[in-house]
Amino acid sequence: MATEFAFPDNAAKTAANAPAEFQTEKMSLAMGPSHPSTHGVLRLQLELDGEIVTKCDPVLGYLHRGDEKIAENMTYNQFVPYTDRLDYLAPLANNVAYAIAVEKLAKLELPPRGQAIRVIISELARISSHLLGLGAFAMDTGAWTVFLYQFTEREKLYKLFEELTGARFTTSYTRIGGVARDLPEGWTGRVEAFCEQFLPILDEMLEMLTRNKIFMDRTVGVGVISREDAIGYGLTGPNLRGSGVPLDLRKDKPYSGYEQYDFDVPVGTKGDSYDRYLVRGEEMKQAVRIVRQAIAKLPGGEWYAKDAVRIFAPRKEKVLTSMEELINNFMIVTEGPQMPAGEVYFEAENPKGALGFYVVSKGGGVPWRLKIRSPSFCNLSILPKVCQGNLMSDVVAILGSLDFVMGECDR
Amino acid sequence: MAVIPLERKPLTFAERTYLPQIAFGLKTTLRHLVTPKETLEYPEQRPEIPAGYRGVPTLVKDPNGREKCVSCQLCEFVCPPKAIRITPGEIAPDDPTAHVEKAPQEFEIDMLRCIYCGLCQEVCPEEAIWLQNQYTMSGYTRAEMVNNKERLYELGGTLPDDHFKWDKKKSAEEQGNAH
Ligand code: SF4
Ligand code: SF4
């Protein structure tokens, strides 16, 4: 791997070509696992020649909790809270992806209202995740203001989540075959109001960075990922689109009724850190567009699938008054919902990329195997390649631009 | 499919000097000097807790003061991190609520394990366990962080009841048409 080595500037190149007696020893440096710009517990084992990174070895697993194994020991609905803790910056989107995967296995179809609710919460989660991604990226490159701006905005979103789900962070909102509860009275109006005031603030935030010379110096041309590499390393999400590949599962393999909404897929032209930043900025605007459309034509009716009541959760009112439902409730809780045998794979376009759940069932109440394809993990696989040959300070910018989350990477 | 390539224009001369940015930055700072604060002076000011909030799980009594839990142990079963421990018990035959037959002898929720997921509340067939508004818990020892039955009822208090199913059952029995 060490052969394809690009020097960032001429000075470095001259230094490397200097006679052997002027060459110094390479330095080995552990960046992380508790380093502010590794966003969690990622450790990069770097090999440095002066300020230039000659080798970068990501070391993962500090946050490994064995989520996949845990899943084998609990019923399908019991695992929902664990999906919050994958990409903990967009728990709602994880909830949705997991629920759809299991619904595919159970062959459940959600009524339109349930689907629209899921679209709204997924897009709000996208905004919240991209906001933090942007803020952290800006802070890594020295712009502190954006970080505070986005926290203010995210707080407003969290207030909405809290009202909807009962928790700010660990939402656990979906259930297999539906969502935990219907939208609260007047909630859509408050989402609408949020969107209204959010767009000007987003513009202001982007204005602080997009044409900012310092920010551009730190990001333009830094960490270029070519189209081929992006595809070859299995990148997904904004990182892939930043390299100019217009893959978006919401368009290409629509789920949860995404085909009804009108939105654009922004793609970058160069594949550098700056492009990835631009893509995220634009995606937030598109997310607002989707949320508005979804609210405008929010259908009435039920928010859970009819059959789900039999398989997963009887309605509470019934449990309290009817003997059969009470017994059914006991059976479902103690033995788990009876699922058909089979295997399914489902991928959703999460804020960080394609989050996939592979569920193997041998019938009965618990999955036999549950594999999680986490976008952050796949996106990080390209680190050794992009970091090599860059300056040490650029590693920080590259990490920020990849916007990963260790909770889902190590899971 | 609408794919929009993102444009990137080179910086103008003025932008490269960084002077407009400084002016813009100062303007922003000045503006924020006069806008109202976004922060909250916690703990003097408390955030507003919306209805349906998932706070500390508690046990509740019905308006007649009967403890609602019948120690069916469903919540213990469903709790993903296994935070609940119940020791079922009988209700004494001379108790006015003897027809309910069972009540927990001991009921413990380990708040170091609880993840506030709300599944216990969701499965409870008696509406006896509720996640209410309290969002802070603190203690000096591990033992202090385990809420026992007494504490759970203290935290829970009384909630309105729509069904009174046990009272209905009793009056039905007294009228001799129990099923
Ligand atoms: S709280 Fe509810 S679910 Fe738990 S044991 Fe009591 S009655 Fe059963
Ligand atoms: S809220 Fe969740 S974790 Fe806590 S006691 Fe209830 S079921 Fe267990």
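Residues numbered from 1 in each chain as written. Chains lettered and ligands numbered in written order. Predicted model: local features only at pLDDT ≥ 70, side-chain atom pairs only at ≥ 80, totals over all residues.

What follows covers the sheet that holds strand β4 (residues 102–110) of chain B. All names here are of chain B. Strand order in the open sheet formed by 3 strands is β3-β4-β6, and the pairing between neighbours is antiparallel. Of all strands in the sheet, those with a lone pairing partner are β3 (84–90) and β6 (146–147), marking the two edges. Across 7 bridges, the pairing between β3 and β4 is antiparallel. Within β4, the position partnered with G89 by the bridge is A103. Strands β4 and β6 of the sheet are contacted by helix α5 (residues 149–156), whose axis makes an angle of about 85° with β4. (Pairing = 2+ DSSP bridges. Helix = DSSP H or I, 4+ residues; strand = E, 2+ residues; numbered from the N terminus. Contact = placed C-beta atoms within 7 Å. Axes fitted to C-alpha atoms, helices over the stretch in contact; angles between N-to-C directions.)

Residue and element names in this part refer to chain A. Across its 22 residues, helix α6 (residues 144–165) extends 31 Å between first and last C-alpha, which sits within 8% of the 32 Å expected from 1.5 Å per residue. Inspection of α6 places V146, Y149, Q150, E153, L160, F161, E162, E163, L164 and T165 among the buried residues, and these make up the whole buried set. Residues of α6 that are buried in the fold lie against α4 (91–106), α5 (112–140) and α7 (187–210). G166 sits one or two positions beyond α6 and adopts a positive phi of about 100°. (Expected span 1.5 Å × (residues − 1). Buried ≥ 20, exposed ≤ 12 C-beta atoms within 10 Å, placed from the backbone.)

Let's shift gears to the sheet that holds strand β9 (residues 369–373) of chain A. Strands belonging to one sheet form pairs held by backbone hydrogen bonds; the direction of such a pair is parallel or antiparallel. Residues and elements named next belong to chain A. Across the sheet, which stays open at both edges, the 3 strands sit in the order β7-β8-β9 with antiparallel pairing between neighbours. Every interior strand has two partners, whereas the edge strands, β7 (339–350) and β9, have only one. Strand-to-strand twist across the sheet, computed as the mean angle between neighbouring axes with direction ignored, equals 5°. On the sheet, α4 packs against β7 and β8 (353–364) and is oriented at approximately 145° with respect to β7.

Let's shift gears to the confidence of the model for chain A. Interpreting fine coordinate detail is not advised for predicted regions of low pLDDT. Averaged over all residues, the pLDDT of chain A equals 84, while 93% of them reach at least 70. Long-range and interchain partners of residues 1–5 of chain A, a stretch whose pLDDT sits below 50, account for 3 contacts in this model, where long-range means more than four residues apart. (pLDDT = per-residue confidence, 0-100.)

Turning our attention to the nonpolar core. In this structure, L92, A97, V102 and I120 of chain A together with C75 and C120 of chain B are the most contacted members of the largest nonpolar core, which totals 141 residues. When residues of this core are assigned to their parent elements, the largest contribution, 14 residues, is made by α5 of chain A. Dropping the residues within four chain positions of it, L92 of chain A is found in contact with I121, S122, L124, A125, F161, T171 and Y173 of chain A. (Core = buried A, V, L, I, M, F, W, Y, C linked by C-beta atoms within 7 Å.)

Here we come to the interface of chain A and chain B. The partner chain B presents 31 residues to the 34 residues of chain A that form the contact. Every element with two or more residues in the side of chain A that touches chain B is listed here: α6, α8 (213–219), β6 (265–267), α12 (273–296), α14 (316–321) and α15 (323–335) of chain A. In terms of residues, the side of chain A that touches chain B owes the most to one element, α15 of chain A, which gives 5 residues. Of the residues assigned to the side of chain A that touches chain B, the class counts are 15 nonpolar, 11 polar and 8 charged. Note: β6 of chain A against strand β1 (residues 3–5) of chain B, 3 bridges, orientation parallel. Note that in β1 of chain B the partner of V265 of chain A across the bridge is V3 of chain B. (Nonpolar A, V, L, I, M, F, W, Y, C, P; charged D, E, K, R; others polar.)

Near ligand 2, the surroundings consist of 14 residues, among which C79, C114, C117, L119 and C120 of chain B are the closest. Considering only residue class, the shell around ligand 2 consists of 13 nonpolar, 1 polar and no charged. (Near = placed C-beta within 6 Å.)

In this section: the confidence of the model for chain B. All names here are of chain B. Scored by pLDDT, chain B has a mean of 83; 97% of the residues are at 70 or more. When pLDDT is averaged over each helix and strand of chain B, the minimum, 72, is found for helix α6 (residues 165–174) and the maximum, 90, for strand β2 (residues 57–59). Interface predicted TM-score (ipTM) for the complex: 0.81; the corresponding pTM is 0.86.

With 24 residues, α12 of chain A should reach 34 Å at 1.5 Å per residue; the first-to-last C-alpha distance of 35 Å fits that figure. Counting buried residues along α12 of chain A, 18 of its 24 residues qualify, which places the element largely inside the surrounding structure.

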